[in-house]
Amino acid sequence: MRTQILLKRAYHDTVTIPMLFLIGAGLTQQPSRIVAPTLKIDANDVHEFPKEAVSIDPNNLKIRALSGYIKERFKISESKAATIVSEAFRNGLKQGLQPELILAVIAVESKFKEKAVSPAGARGLMQVLAKAHPKKVKRIGGLPALYDPRKNISLGSHILAQYKDVSNGNIRRTLLRYNGSLSKGSRYPDKVMRIYKQMKTTARLTEQLQLAQANRTTVQ
């Protein structure tokens, strides 16, 4: 009981998404009733997203927690959130990036609007600037492909990973390069890292709640 109280208090103090989100997502129910989470694509969203929601990461609970966080904070549908989070995990594994970092970049760049276009011409979820990466954009199908969440996240993550290599793993410099503000400085990295930390906290506390439930079951 003391473990649960401490976890709930830490969650309230650290993250802005209320505890109701975890309950609504089915993350705090009794272990005997927990079922394997599934990612669903709403039929109304088929015209905007690929038909399949990729789910290759074994930690489905973390994907589910982050999907709920994004759904509540950025007011997008559950199916869109699940698709984006799944792609972030898939490409994070492929590129050696934390999926929460990819998601935080998307949050700052486009607020999870897959059709977003900046005044400079950057497009899609990760706001890829075609004129800065013409060959890469051409390889995925040109400008229209940047509005495809799967292709946009794939290319954006690839670019982010390249900048991380050039920056010798320095995340702040990586983000400044991605934002095109390395030479002049910017608060962009601070914005990304603030959301990144909130997402990491959400996922971690969800895992701790699950562990507390498992321990309670063992004691009983």
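Cut-offs applied
Residues numbered from 1 in each chain as written. Predicted model: local features only at pLDDT ≥ 70, side-chain atom pairs only at ≥ 80, totals over all residues. Heavy atoms only, no water. Axes fitted to C-alpha atoms, helices over the stretch in contact; angles between N-to-C directions. Helix = DSSP H or I, 4+ residues; strand = E, 2+ residues; numbered from the N terminus. Parallel < 35°, antiparallel > 145°, perpendicular 65-115°, else oblique. Left-handed = near helix turned anticlockwise from the far one by under 90°. Contact = heavy atoms within 4.5 Å. Nonpolar A, V, L, I, M, F, W, Y, C, P; charged D, E, K, R; others polar. Core = buried A, V, L, I, M, F, W, Y, C linked by side-chain atoms within 4.5 Å. Buried < 20%, exposed > 50% of the residue type's maximum accessible area, 1.4 Å probe, protein only. Salt bridge = Lys/Arg side-chain N within 4 Å of Asp/Glu carboxyl O.

**Focus on the packing of helix H3 (residues 60-74) against helix H5 (residues 99-110)**
Helix-helix packing: each pair is described by the crossing angle between the helix axes and the interaxial distance.
Right, on to step 1. Packing of H3 against H5 leaves a shortest axis separation of 12 Å and a crossing angle of 10 degrees. Our classification of the angle between H3 and H5 gives roughly parallel. Along this stretch, H3 crosses H5, giving a crossing that reads as right-handed. Residues Lys62, Leu66, Ile70 and Phe74 of H3 lie in contact with H5, whose contacting residues are Glu100, Leu103 and Ala107.
Right, on to step 2. Broken down by class, the residue content of the contact of H3 with H5 amounts to 5 nonpolar, no polar and 2 charged.

**A word on the side chain of Lys62**
Right, on to step 1. Along the chain, Lys62 turns up in helix H3.
Right, on to step 2. Residue contacts for Lys62: discarding those within four places in its chain leaves Phe89, Glu100, Ala203 and Glu207.

**Regarding the environment of Leu103**
Right, on to step 1. Its location among the elements puts Leu103 in helix H5.
Right, on to step 2. Measuring from C-alpha to C-alpha, the distance between Leu103 and Val192 comes to 9.0 Å, with 89 residues separating the pair along the chain.
Right, on to step 3. Leu103 has contacts with Leu66, Ile70, Ile84, Val85, Ala88, Phe112 and Met199, leaving out every residue within four places of it along the chain.

**Notes on the nonpolar core**
Right, on to step 1. Judged by nonpolar contacts, the single largest core of 38 residues is most densely connected at Ile70, Leu103 and Phe112.
Right, on to step 2. Counting only elements with at least two residues in this core, the list comes to H3, helix H4 (78-95), H5, helix H7 (149-166), helix H8 (171-179) and helix H9 (188-219).

**Considerations on the pattern of salt bridges**
When the charged atoms of two side chains lie near each other, side chains of opposite charge can form a pair.
Right, on to step 1. In this structure the tally under the stated criterion is 2 salt bridges.
Right, on to step 2. Between Arg90 and Glu87 there is a salt bridge; the shortest N-O distance is 2.9 Å. One end of the pair is Arg90 and the other is Glu87, both in helix H4 and 3 residues apart, which spans about a single turn.
Right, on to step 3. With relative accessibility at 23%, the residue Arg90 sits in the partly exposed group.

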